[in-house]
Amino acid sequence: MNSTDELYDKIKILARSLGIVDIGIADAKLWNTDPLVSSRIKTTGRPESILPTAKSVIVIGIPIQRAIIETAPSISYANAYKNINTMLDQITERISLELNILGYDSIYIPRDGYHGIEGLKDSPSAFFSHRHAAYLAGLGTFGMNNVILTEKYGPRIRFSSVITTAELPYDSPMTKELCIKCKKCTKVCPVSAVSDQMYPSKITKKELCIDFAAELAKKGISPCGACIRVCPVGLDRDSPIPTDEAKELIQSYVK
Ligand code: SF4
Ligand code: SF4
């Protein structure tokens, strides 16, 4: 086993001890060479602009339980969304600190690199895209809803990233397209924000989604999540979901 494999094993063991099983490594150079990513991500949002000698980007994912997303938008989903973001920040920070201890510079990127919904209204994109990092790390492919779909959870998984100078064994972007173009996400969107064409030829109208999220936030049930709730992709489609009565009860809890 070479030293890059050994280092990756250490990172995976740490991540597993913190509850992470979905992990991938992207080659930092791909931000400049991958046709999809280099055409969408500005130079300022690439790993080497954040950490000049970056070699790898470690991407981890935490799934949203299907029983929770089935109630979205709801107080249950709003709570899970917030908790998963916090967990991702804590775990990427731990991984980053471990890399520092092992002698490698590293920076963990905040899960949501913007200041709340009001911040998103001013600037609808975060300074670093975890979605594009997850794609380059081979964890999934883009769906029509502009979210990364994975084989296990469809779009019901949130990602976060650590940029590091450590060389690690890189994963490759998936070649198999997971989106089946059923357009369920397009049809369910209450504000017609999701295009009926594939990313990146058309992109979701983020400003409409953000305005809707701001409305839901007044009731304590933001974000919406409908376009990831209905997506038929993912082995988690077989997992148990709440009864209609339980869903109604959960959805009745608003501010
Ligand atoms: S989260 Fe809701 S509002 Fe936003 S794009 Fe998806 S379905 Fe539309
Ligand atoms: S709901 Fe259908 S069209 Fe939308 S991302 Fe999922 S598979 Fe693709």
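All of the points below concern the structure found in this document.

A look at the overall build of the chain
Right, on to step 1. Helix and strand counts for the chain come out as 12 helices and six strands.
Right, on to step 2. Against the globule reference of 18 Å for 255 residues, the chain gives a C-alpha radius of gyration of 18 Å, in line with a compact fold.
Right, on to step 3. Each principal axis of the C-alpha distribution contributes one length, and for the chain these read about 55 × 35 × 35 Å.
Right, on to step 4. Of all intrachain contacts in the chain linking residues separated by at least 6 positions in sequence, the fraction that spans at least 24 positions is 77%.
Right, on to step 5. Carbon and sulfur atoms make up 54% of the accessible area of the chain, which totals about 12,600 Å².
Right, on to step 6. Between the centroid of the 31 positive side chains of the chain and the centroid of its 28 negative side chains there is a distance of 5 Å.

Let's talk about the nonpolar core
Right, on to step 1. Judged by nonpolar contacts, the single largest core of 26 residues is most densely connected at Trp31, Val57 and Val59.
Right, on to step 2. The set of elements that each furnish at least two residues to this core consists of helix 2 (30–33), helix 3 (35–40), strand 2 (56–63), helix 8 (130–136) and strand 6 (157–164).
Right, on to step 3. Here the element with the most residues in this core is helix 8; it accounts for four residues.
Right, on to step 4. In this structure, Val59 is in contact with Asp22, Ile23, Gly24, Ala133, Ala134, Ala137, Leu139, Phe159, Ser160 and Ser161, ignoring residues within four places of it in sequence.
Right, on to step 5. Ranked by size, the runner-up nonpolar core spans 25 residues in total, among them Ile60, Ile62, Tyr81 and Leu88.

Considering the environment of Pro155
Right, on to step 1. Along the chain, Pro155 turns up in the loop between strand 5 (148–149) and strand 6.
Right, on to step 2. Residues Pro155 and Ile64, spaced 91 residues apart in sequence, show a C-alpha to C-alpha distance of 9.1 Å.
Right, on to step 3. For Pro155, the residues in contact, after removing those within four places along its chain, are Asn145, Val147, Ile148, Leu149, Ile228, Cys231 and Val233.

Regarding the pairing of strand 6
Right, on to step 1. Within strand 6, eight of the eight residues are buried, which leaves the element mostly enclosed by the surrounding structure.
Right, on to step 2. By the alternation rule, side chains of strand 6 split into Ile157, Phe159, Ser161 and Ile163 and Arg158, Ser160, Val162 and Thr164, which are all buried.
Right, on to step 3. Sheet topology note: the strand 2/strand 6 ladder contains eight bridges and is antiparallel. Following the sheet pairing, Val57 is matched in strand 6 by Ile163.
Right, on to step 4. Pairing analysis gives three bridges linking strand 3 (residues 106–108) to strand 6, with the strands arranged antiparallel.

So, the site of ligand 2
Right, on to step 1. By nearness alone, 13 residues border ligand 2, and Cys179, Cys182, Lys183, Cys185 and Cys231 come closest of all.
Right, on to step 2. Here the residues of the shell around ligand 2 are counted per class, giving eight nonpolar, two polar and three charged.

Observations concerning the sheet that holds strand 3
Right, on to step 1. Ordered by their spatial adjacency, four strands build an open sheet running 1-2-6-3, and the pairing between neighbours is antiparallel. Looking at which strands have only one partner, the edges of the open sheet turn out to be strand 1 (22–27) and strand 3. On average, each strand axis in the sheet is tilted by 25 degrees relative to the strand beside it, whichever way the strands run.
Right, on to step 2. Strands strand 1 and strand 2 of the sheet are contacted by helix 1 (residues 3–17), whose axis makes an angle of about 145 degrees with strand 1.

As for unusual backbone geometry
Right, on to step 1. With an omega of 0 degrees, the peptide bond running from Ala72 to Pro73 counts as cis.
Right, on to step 2. Mapped onto the secondary structure, Pro73 falls in the loop between helix 5 (66–69) and helix 6 (75–101).
Right, on to step 3. With an omega of 5 degrees, the peptide bond between Tyr199 and Pro200 qualifies as cis.
Right, on to step 4. With a phi close to 50 degrees, Ser192 is a non-glycine residue in the positive phi region.
Right, on to step 5. One can find Ser192 in the loop between helix 9 (184–188) and helix 10 (206–218).
Right, on to step 6. The exposure class assigned to Ser192 is exposed, which follows from its relative accessible area of 51%.

Observations concerning the site of ligand 1
Right, on to step 1. The environment of ligand 1 is formed by Cys189, Pro190, Val191, Val194, Cys209, Phe212, Cys224, Gly225, Ala226 and Cys227.
Right, on to step 2. Every element with two or more residues in the shell around ligand 1 is listed here: helix 10 and helix 11 (226–229).
Right, on to step 3. Per-class residue counts for the shell around ligand 1 are nine nonpolar, one polar and no charged.

Topic: the environment of Phe142
Right, on to step 1. Relative to the elements of secondary structure, Phe142 occurs in strand 4 (residues 141–142).
Right, on to step 2. In this structure Phe142 comes out as buried when scored by relative accessible area, which is 3%.
Right, on to step 3. Residues Phe142 and Tyr199, 57 residues apart in the sequence, show an inter-C-alpha distance of 6.6 Å.
Right, on to step 4. The contacts of Phe142, once residues within four sequence positions are left out, are Leu36, Arg131, His132, Tyr135, Val147, Ile148, Glu177, Cys179, Met198 and Tyr199.

Criteria and cut-off values
- Sequence order as written defines residue numbering, which begins from 1 separately in each chain.
- Each chain takes a letter, starting from A, and each ligand takes a number, starting from 1, following the order in which they are written.
- Given that the model is predicted, a residue must reach a pLDDT of at least 70 before its local features are reported, and side-chain atom pairs must reach 80 or more before they are shown or counted; all residues, however, enter totals for whole chains, interfaces and linings.
- With hydrogens and water set aside, each side-chain value is computed from the structure's full complement of heavy atoms.
- Note on conventions: DSSP H or I runs of at least 4 residues are helices, E runs of at least 2 residues are strands, and numbering of each starts at the N terminus.
- Within these notes, the globule rule equals 2.2 Å times the number of residues to the 0.38 power, and the radius of gyration is based on C-alpha atoms.
- Contact definition: two residues touch when any of their heavy atoms are within 4.5 Å.
- Here, Shrake-Rupley sampling with a 1.4 Å probe gives the accessible areas, and only protein chains in the shown set may cover a residue.
- In this charge count, Lys and Arg are treated as positive and Asp and Glu as negative; neither His nor the chain ends contribute.
- Charge positions come from single atoms, namely NZ of Lys, CZ of Arg, CG of Asp or CD of Glu.
- Among the buried residues, those of types Ala, Val, Leu, Ile, Met, Phe, Trp, Tyr and Cys that are joined through side-chain atoms within 4.5 Å form a nonpolar core.
- Partly exposed describes any residue whose relative accessible area lies between the buried limit of under 20% and the exposed limit of over 50%, with all areas from a 1.4 Å probe on protein chains only and scaled to the type maximum.
- The rule for pairing is simple: two strands pair if DSSP sees at least two bridges between them.
- By convention in these notes, a residue is near a molecule or strand provided one of its non-hydrogen atoms lies within 4 Å of it.
- Gly is placed with the polar residues, together with every amino acid not listed as nonpolar (Ala, Val, Leu, Ile, Met, Phe, Trp, Tyr, Cys and Pro) or charged (Asp, Glu, Lys and Arg).
- All axes here are fitted lines through C-alpha atoms, helices being fitted over the stretch that makes contact, and every angle between N-to-C directions spans 0 to 180 degrees.

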